[in-house]
Amino acid sequence: MAGKYNQRIAVSATCDKVPRVCVARGSTGPDCCNKKCVDTWSDRNNCGRCGKKCKYSETCCDGDCVNTRFDGHHCGRCNNRCNSFKSRKKKNYQPSSCSYGMCSYA
């Protein structure tokens, strides 16, 4: 009987009342926003902080809203940095560009 009672408490507990539910195994994230556990590093509706929504064309990467189609640090997906390539004429490095989610496209 005690086991069923403990299960009911765990199901009805929200993170605003019991913050530790967000750090429990199987939780969707360590942060509590609007009574839900979220990961503010990757949640589009709570990007970087509770309530900060990314625009339609943006993705939440490391707590920042970015457009992965054109961002050189998050090209095509989060943390996919476009590498630098060596110029054939000079021995200096130039950053490769991100277009349509692909590095050095075109």
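Here, every reference points to the structure presented above.
The rules we used
Residues numbered from 1 in each chain as written. Predicted model: local features only at pLDDT ≥ 70, side-chain atom pairs only at ≥ 80, totals over all residues. Heavy atoms only, no water. Helix = DSSP H or I, 4+ residues; strand = E, 2+ residues; numbered from the N terminus. Buried < 20%, exposed > 50% of the residue type's maximum accessible area, 1.4 Å probe, protein only. Areas by Shrake-Rupley, 256 points an atom, 1.4 Å probe, with all protein chains shown as cover. Disulfide = S-S within 2.5 Å. Patch = residues over 30% accessible without salt bridge, like charges linked within 9 Å, V, L, I, M, F, W, Y side chains within 5 Å. Salt bridge = Lys/Arg side-chain N within 4 Å of Asp/Glu carboxyl O.

Scanning the chain from N- to C-terminus turns up one helix and eight strands. Helices and strands in the chain line up, N terminus first, as α-β-β-β-β-β-β-β-β. Across the 106 residues that make up the chain, the buried fraction comes to 23%. Total accessible area computed for the chain in this model is approximately 8300 Å², and 50% of it derives from carbon and sulfur atoms.

The next point concerns the state of the cysteines. The full count for this structure, using the stated rule, is eight disulfides. Disulfide partner of Cys-22: Cys-37, at an S-S distance of 2.2 Å. Taking the torsion about the S-S bond as the criterion, the Cys-22 to Cys-37 disulfide, at about -90 degrees, is left-handed. Separated by 15 residues along the polypeptide, Cys-22 in the loop between helix H1 (2–12) and strand S1 (31–33) and Cys-37 in strand S2 (residues 36–38) bring together distant segments of the chain.

A surface patch of nonpolar side chains, amounting to about 330 Å² of accessible area, comprises Phe-70, Tyr-100 and Met-102. Tracing the backbone through its elements, the reader meets Tyr-100 in the loop between strand S7 (98–99) and strand S8 (102–103).

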